[in-house]
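The lines below spell out each chain.
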Amino acid sequence: MKGNREEKQWEVIIEAVLFTMGNSVEVRQLAAAIGQSQETAREAALRLQARYEKEKRGMKILELEDSFQMCTRAEYYENLIQVAAAPKKQILSDVVLETLSIIAYKQPVTKLEIEKIRGVKSDHAVNKLVEYNLVYEVGRLDAPGRPALFATTEEFLRRFGIGSTQNLPVPDPVQVEEIRMEVEEELKGSSGLLNQEDTESDRENQN
């Protein structure tokens, strides 16, 4: 019985640490918090994780390589968005989310590669994602101009409730086709506007 009480106490301490820290906490830090070995701390964190899953709590415990993190359960994101969206707009627009998806599945990737997929400039969207700490510059491509390479951050994993980019869902072909059609429509609109401007310019020159 004493052993069970100790194990429960370790879980409670780890729960408090994960909640307070917000970001991922290394196993060695959890071990220091409960005054036990790293293996004992990992086992306690995994028991806590299993309990959260069994009870279907609003939060979940993620295992990220050699660390653990508490985050919101993915199925409740829509409810959180309702709170975050009022009275202000959602932080991530459709364009930003689309750009984030490309980076997540193609990383590491350059802005040029993102723009080839989207068909339009993506500077603003990428800059917003960097500002929100969802992507970061992971290095430089060994090519003329040495363009920056972008990849997703640990914050991205935490925000979307996944333990690794290997766990990203397989893209829905229907959604991919919808995105492609939206981009084509966007390009047509831009092309039409440019043609209209060229026509007006020609008329002014003729006059």
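This text goes with the structure placed above it.
Here the residue index of a chain counts from 1 through its sequence in written order. Predicted model: local features are reported for residues with pLDDT of at least 70 only, side-chain atom pairs are reported and counted for 80 or more only, and whole-chain, interface and lining totals are derived from all residues. For the side-chain quantities, the full set of heavy atoms in the structure was used; hydrogens and water were omitted.

Engineer: Hey, could you run me through the overall build of the chain in this one?
Structural biologist: Secondary structure elements follow DSSP: runs of H or I no shorter than four residues count as helices, runs of E no shorter than two count as strands, and numbering proceeds from the N terminus. Within the chain, the regular secondary structure consists of nine helices and five strands. In the chain, the succession of helices and strands from N to C terminus is α-β-α-α-β-β-α-α-α-α-β-β-α-α. Classification of residues uses two cut-offs on accessible area relative to the type maximum, computed with a 1.4 Å probe and protein chains only: under 20% is buried, over 50% is exposed, and between them is partly exposed. Here the chain holds 207 residues, and the buried ones make up 29% of them. Surface accessibility in these figures is a Shrake-Rupley result with a 1.4 Å probe; residues are shielded only by whichever protein chains are displayed. Carbon and sulfur atoms form 52% of the exposed surface of the chain, whose accessible area is close to 13600 Å².

Engineer: Honestly, the sheet that holds strand S2 (residues 59-64) in this entry has me stumped. Any pointers?
Structural biologist: Two strands in a sheet stick together by hydrogen bonds in their backbones, pointing the same way (parallel) or opposite ways (antiparallel). The strand order across the open sheet formed by three strands is S1-S3-S2, and the pairing between neighbours is antiparallel. Lying at the two open borders of the sheet, with one neighbouring strand each, are strand S1 (25-26) and S2. Sheet topology places S2 next to strand S3 (residues 67-72); six bridges connect them, and they run antiparallel. By the bridge assignment for S3, Leu64 is matched with Ser67. Strands are labelled as partners when DSSP assigns at least two bridges between them.

Engineer: Before we go on, may I ask you to explain helix H2 (residues 27-34) in this structure?
Structural biologist: Within an α-helix, residues lying three or four positions from one another point in the same direction, as the helix has 3.6 residues per turn. Of all the positions in H2, only Val27, Leu30, Ala31 and Ile34 are classed as buried. Taken around the axis of H2, the buried residues stretch over an arc of 105 degrees, which confines them to a single face. Two residues or fewer after H2 comes Gly35, characterised by a positive phi angle close to 70 degrees. To obtain the arc, one takes the directions from the helix axis to the C-beta atoms.

Engineer: I tried to follow the pattern of salt bridges on my own but got confused; where do I start?
Structural biologist: Proximity of charged atoms lets side chains of opposite charge pair with each other. Whenever a carboxyl oxygen of Asp or Glu lies within 4 Å of a side-chain nitrogen of Lys or Arg, that contact is scored as a salt bridge. Evaluated as defined, the whole model comprises 13 salt bridges. A salt bridge links Glu55 to Arg57; its shortest N-O distance comes to 2.7 Å. Across the salt bridge formed by Arg158 and Glu155, the nearest N and O atoms sit 2.6 Å from each other. Here Glu155 and Arg158 lie together in helix H8 (residues 154-160), a separation of three residues that amounts to about one turn. The class of Arg158 is partly exposed, set by a relative accessible area of 23%. On the accessibility criterion, Glu155 (14% relative accessible area) is buried. A network of salt bridges, in which partner residues are shared, links Glu11, Arg47 and Arg51.

Engineer: Any chance you could explain unusual backbone geometry here in plain terms?
Structural biologist: Among all residues save glycine, negative phi is the norm, and among peptide bonds the norm is trans. Omega for the bond connecting Gln107 with Pro108 falls within 30 degrees of zero, at -10 degrees, which places this linkage in the cis form. Along the polypeptide, Pro108 turns up in the loop between helix H5 (94-106) and helix H6 (111-118). Unlike most non-glycine residues, Glu65 shows phi in positive territory, near 55 degrees. Assessed through its relative accessible area of 79%, Glu65 is described here as exposed.

Engineer: Any chance you could explain the packing of H6 against helix H7 (residues 123-131) here in plain terms?
Structural biologist: Angle between the axes and distance between the axes: these two values describe a pair of packed helices. Orientation is described by axes fitted as lines to C-alpha atoms, over the contacting stretch for helices, and by angles from 0 to 180 degrees between their N-to-C directions. Interaxial distance between H6 and H7 falls to 10 Å at its minimum, and their mutual angle equals 125 degrees. Classified by the angle between their axes, H6 and H7 sit oblique to one another. Every pair of crossing elements has a handedness; the one defined by H6 and H7 is right-handed. Where H6 abuts H7, its residues Lys111, Ile114 and Glu115 lie against Asp123, Val126 and Asn127. These descriptions rest on fixed angle ranges, namely under 35 degrees for roughly parallel, over 145 for roughly antiparallel, 65 to 115 for roughly perpendicular, and the rest for oblique. Each crossing gets its hand from how the near helix is turned against the far one by less than a right angle, where anticlockwise is left-handed and clockwise is right-handed. Contacts are residue-level and defined by heavy atoms, with any inter-residue pair within 4.5 Å sufficient.

Engineer: Would you mind going over the nonpolar core with me for this structure?
Structural biologist: Among soluble globular proteins, nonpolar side chains are generally buried collectively. By nonpolar core we mean a set of buried residues, namely Ala, Val, Leu, Ile, Met, Phe, Trp, Tyr and Cys, connected to one another through side-chain atoms within 4.5 Å. Ranked by size, the top nonpolar core spans 21 residues in total, and within it Leu100, Ile103, Ile114, Leu129, Leu134 and Phe156 carry the most contacts. For this core, the elements supplying multiple residues, two or more each, are S2, H5, H7, strand S5 (148-152) and H8. A total of five residues in this core trace back to one element, the largest contributor, which is H5. Non-local contacts of Ile114, meaning those with residues more than four positions away in its chain, are made with Thr99, Ile102, Ile103, Val109, Ser122 and Val126. Counting residues in each nonpolar core, the second largest holds 16 residues, with Leu18, Val25, Tyr52 and Ile61 among its members.

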